[in-house]
Amino acid sequence: MAHVAIVGAGISGLSAALRLRRRLGAGVRITLLDQSGRVGGKLATGEVAGARVEQGAESILLRDPVVAELAAEVGLGPLVHPAPLAAGIVVGGRTVPVPRGTLMGIPADPAALDGTAPAYALPEPAPVTPGPLVAPAADIAVGALVRSRYGDEIVDRLVDPLLGGVYAGRADDLSLAVTLPALYEAAQHESTLSGAVRAAQRDTPAVGGPAFGVVAGGLSALAEAVAAAADVTPRLDLPVRELAPTPDGWRLTVGSTRDPEPLDADAVVLAVPARPAARLLTGFAPAVAAEVGVLDYASIALVTLVLPGDVLPEASGFLVPATEGYAIKAATFVGRKWPHLAVPGRSLVRLSLGRYGETRVLQRDDDELVALARADLSAVLGERLPTPVGSTVRRWGGGLPQYGPGHLDRIARARAGLAEHPTLALAGAAYDGVGVPACVRSGYAAADTITGELHDAH
Ligand SMILES: Cc1cc2nc3c(=O)[nH]c(=O)nc-3n(C[C@H](O)[C@H](O)[C@H](O)COP(=O)(O)OP(=O)(O)OC[C@H]3O[C@@H](n4cnc5c(N)ncnc54)[C@H](O)[C@@H]3O)c2cc1C
């Protein structure tokens, strides 16, 4: 019977396990290893003062139905959806609604923005030489493109906080090709940004029905249900410290340095973040390790407060541009946005701190972070909030990959560099997309690669 080792029991590794089981049935032995004490990785549902909260990912984009399908497959569907409330954005100290109809904050018509950035938006300059905005296959940073066309204010006040809400990164560092693929496509044949935004919006039809959803029982429950459906008993608290090819497959060294355990497998799915992946690759594929390991990450902290009474505005939350000078970068009014998580007589708010390259704010201890987050929230709302009845801080050191320009080419080179090791597949947020749907798909793709190789070998 073939034996596949999956390193990392985040949603990518779990999805790989489920797909392998579905394709190979009882004909495959799957060992799922994780260095932490639980499955799910960045899917982490917790509790504070009797309230259930998501302490990692909290909202799944449904444009790709793969997560809704996965939840249904493991008996956890249908997903629940957020209440149809507006989100705000802090501009000049005041909270205005996030303008509608933009592409991650990039409008087709900057003059049509009201309240957010219009006074500062430069009209788009006519192209000096008619031709595409971006040369074919020449990835650039989102910020560079939008600043050159619409000026700084739209980037600083809209694009940056919206992108930051997903990547905790800055528009000036993030790849256009990865973060806005439809716009990247359009920019290679349109000569104005307005035209490219319109073309990208045309090519990306709106999702019918709610755009976001989550598993009612929490995303940790999804992770556990996927492990159960894959019929694997994860081996937890077990770091994989070494990986080496053998004449027949792979040898992993797992466990502590004092008590290392060898584990042999026919194939391996490496579903860990870039740095641990690079450490495991470096012994036999140093060039691939270098391509993978160069990926940088943003660290963030999530502060969840449970406040007495009904003290939050009727909105889903707000985003805070870096230029506003607050430590918090976003707030989600959890009980308002997600009615299934509301607790009578309480107000739940999740505040995120930490942007790419700004780690000083995260050096504070938990109490200081809670105090800072609460003070910032009070300042944005313009009222002193009551003392929380409960609070929690969840830190994600190196939590969110920062896909810079050229990311896709780098990952293609890394995968090509593994051609002589076809029974090793890379999966996870380091490669094919940060969102949970992309991670599920990368786990499936890794499993398909391995399945093909095992079929050929037997
Ligand atoms: C705070 C936060 C909020 C987010 N919000 C959203 C959201 O709302 N919607 C959305 O779609 N996405 C969101 N994301 C992104 C998404 O959650 C992640 O990209 C995704 O869950 C990553 O899954 P993964 O399996 O690739 O990696 P991970 O979840 O990081 O799993 C990797 C696993 O590998 C294990 N591991 C690492 N090294 C080793 C080793 N040497 N040996 C054994 N095990 C090892 C780790 O313990 C971990 O369990 C968010 C991310 C964060 C951090």
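So, how was this worked out
Residues numbered from 1 in each chain as written. Predicted model: local features only at pLDDT ≥ 70, side-chain atom pairs only at ≥ 80, totals over all residues. Heavy atoms only, no water. Helix = DSSP H or I, 4+ residues; strand = E, 2+ residues; numbered from the N terminus. Buried < 20%, exposed > 50% of the residue type's maximum accessible area, 1.4 Å probe, protein only. Domains from an automatic or database assignment. Contact = heavy atoms within 4.5 Å. Buried area = accessible area lost by both parts, 1.4 Å probe. Salt bridge = Lys/Arg side-chain N within 4 Å of Asp/Glu carboxyl O. Polar contact = N/O pair within 3.5 Å; in protein donor to acceptor, adjacent residues only side chain to side chain. Axes fitted to C-alpha atoms, helices over the stretch in contact; angles between N-to-C directions. Parallel < 35°, antiparallel > 145°, perpendicular 65-115°, else oblique. Left-handed = near helix turned anticlockwise from the far one by under 90°. Nonpolar A, V, L, I, M, F, W, Y, C, P; charged D, E, K, R; others polar.

Novice: Looking at this structure, I do not really get the environment of Ala271. What am I missing?
Specialist: Locating Ala271 in the fold gives a position in the loop between strand S12 (267-270) and helix H9 (274-281). With a relative accessible area of 11%, Ala271 lands in the buried category. Each C-alpha atom of the pair Ala271 and Gly8 lies 5.0 Å from the other, and the pair is 263 residues apart in sequence.

Novice: Could you clarify how one ought to interpret the side chain of Ser15 in this entry?
Specialist: Structurally, Ser15 can be placed in helix H1 (residues 11-24). The exposure class of Ser15 is buried, given its relative accessible area of 0%.

Novice: Please explain the domain arrangement of the protein chain as it appears in this structure.
Specialist: The extent of an interface is frequently quoted as the accessible surface area lost upon association of the parts. The assigned domain composition of the protein chain is domain 1 (2-43 + 219-295 + 404-457), domain 2 (101-203) and domain 3 (296-402). Each of domain 1 and domain 3 has a C-alpha centre, and these two points are 33 Å apart. Between domain 1 and domain 3, the contact holds 12 residues from the first and 9 residues from the second. Each partner contributes to the roughly 790 Å² buried at the junction of domain 1 and domain 3, and carbon and sulfur atoms together form 57% of this total. Counting the surface domain 1 buries against domain 3, the share from its top three residues, Lys42, Leu295 and Val434, is 56%. On the surface where domain 1 and domain 3 come into contact, there are 1 salt bridge. A salt bridge links Arg275 to Asp296; its shortest N-O distance comes to 3.0 Å. In this structure, the connection of domain 1 to domain 3 is made through 4 residue pairs in polar contact (both at pLDDT 80 or more).

Novice: So what exactly am I meant to see when it comes to the packing of H1 against helix H14 (residues 436-457) here?
Specialist: In a packed pair of helices, the relevant descriptors are the angle between the two axes and the axis-to-axis distance. Their axes nearest at 7 Å, the elements H1 and H14 cross at an angle of 40 degrees. Taken together, the axes of H1 and H14 are oblique relative to one another. The interaxial crossing formed by H1 with H14 has right-handed handedness. Along its contact with H1, which presents Ile11, Ser12, Ser15, Ala16, Arg19, Leu20, Arg23 and Leu24, the element H14 presents Val436, Cys439, Val440, Ser442, Gly443, Tyr444, Ala447, Asp448, Ile450, Thr451, Leu454 and His455. Residues belonging to the contact of H1 with H14 are distributed by class as follows: 11 nonpolar, 6 polar and 3 charged.

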